[in-house]
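Each chain is listed here by its residues.
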Amino acid sequence: MTSYLERFAERHPHLADAVLTVALCACMVFGAEVSTTDSTAPANPWPARLLALACAAVLFKARSHPRAALAVTAACAAVLTFLGHLPSPLLLAPVMAALYWVATLTDARTTSWCAYPTMAVLVATSLSAAPIGDDFMLRSVGTVFWLLLPLALGGLSRFRRAYLESVQTRAAHAERTREEVARLRVTEERMRIARELHDAVAHHMAVAHAQAGTAAHLAPTQSEQAQKILKELVGTTSSALLELRATVGVLRQTGNPEVDTLEPAPGLERLRAGGRVRVGRSHSHGHH
């Protein structure tokens, strides 16, 4: 039920504030009729009703102006207690709501500067309106207790909001850190693959260079041996091309998928065919 009311208040804040304002001011009007055996409520109800309307005007904006709402509601409650009304929780309901918003929306120092003078004023006006009797504890300790309750609830709400904000901040920082670490690992992996590619291609090119040099040296005198070396050269270049294609394919997969092309890498047979065609053309060119 509580979570439903919280979600409703978040979705419809103005409607929730209006309903709460009406309820609090109605409590103030009813609280003006409360009395004890030692104190009788004033017979004229109109001051309480008019002051309740004044409280309603500021409580509707208590979320955006909590200190102004507290000042007005505290002044209205002080007038009523000075007129002899008992400071019951019903009469103090608008002040308690304003204190809650002050404690929730401001820092601890501002809350203290607002709350304790309010308590002192209300206790003083309440005690000055009636002789000391059995209701002394209600007018002094009772007033302080009812005003401390919204302060405690508002402080808990402020701490809870600060905790949730810190959790969200840490989660966002962890997400950014995780993304940075992932990008760093991808970069390191690409560097490692690039080094291996360089080593592999350099090895095959060195072998191919040696084979080509040997074949050129043997071609005038030992043509059969030169042809054998040229066949081995075809295998060496094909292996180099295979490793180059495979490594470049891995590098493309670890890159940005939005810029990678969707064309599949050539297969083994296509590479071998391409290697033979290129070597064959080179050989025929040398023959001519």
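Quick look at the structure, then. As the structure is a prediction and not an experimental result, all values here were calculated from the model. (Residues numbered from 1 in each chain as written. Predicted model: local features only at pLDDT ≥ 70, side-chain atom pairs only at ≥ 80, totals over all residues. Heavy atoms only, no water.)

1. A closer look at the overall build of the chain
Secondary structure summary: the chain contains ten helices and zero strands in total. Written out in order from the N terminus, the α and β elements of the chain read α-α-α-α-α-α-α-α-α-α. Once local pairs closer than 6 in sequence are excluded, the contacts in the chain between residues at least 24 apart make up 73%. (Helix = DSSP H or I, 4+ residues; strand = E, 2+ residues; numbered from the N terminus. Contact = heavy atoms within 4.5 Å.)

2. What to know about a nonpolar patch on the surface
The grouping of L149, L153, L156 and F159 at the surface amounts to a nonpolar patch, some 410 Å² of accessible area in total. By the secondary structure assignment, L156 is in helix 8 (residues 141-218). Given the relative accessible area of 57%, L156 is considered exposed. (Patch = residues over 30% accessible without salt bridge, like charges linked within 9 Å, V, L, I, M, F, W, Y side chains within 5 Å. Areas by Shrake-Rupley, 256 points an atom, 1.4 Å probe, with all protein chains shown as cover. Salt bridge = Lys/Arg side-chain N within 4 Å of Asp/Glu carboxyl O. Buried < 20%, exposed > 50% of the residue type's maximum accessible area, 1.4 Å probe, protein only.)

3. Looking at the environment of S157
Along the chain, S157 falls in helix 8. Exposure remark for S157: the relative accessible area of 22% places this residue in the partly exposed category. In this structure, the C-alpha to C-alpha distance between S157 and L105, residues 52 residues apart in sequence, is 9.0 Å. If near-sequence neighbours (up to four positions away) are discounted, S157 is found in contact with Y100 and T104.

4. What to know about the packing of aromatic side chains
In the structure shown here, the tally under the stated rule is two aromatic pairs. Look at Y100 and W101: their rings are 5.4 Å apart centre to centre, the planes differ by 70°, and that puts the pair in the edge-to-face class. Of note, R49 hangs over the ring of W46, and the distance from its end group to the ring centre comes to 4.9 Å. In this structure, R158 packs its charged tip against the face of F159, placed 5.1 Å from the ring centre. (Phe/Tyr/Trp six-rings, centres within 6.5 Å; stacked < 30°, edge-to-face > 60°. Lys NZ or Arg CZ within 6 Å of the ring centre and 35° of its normal.)

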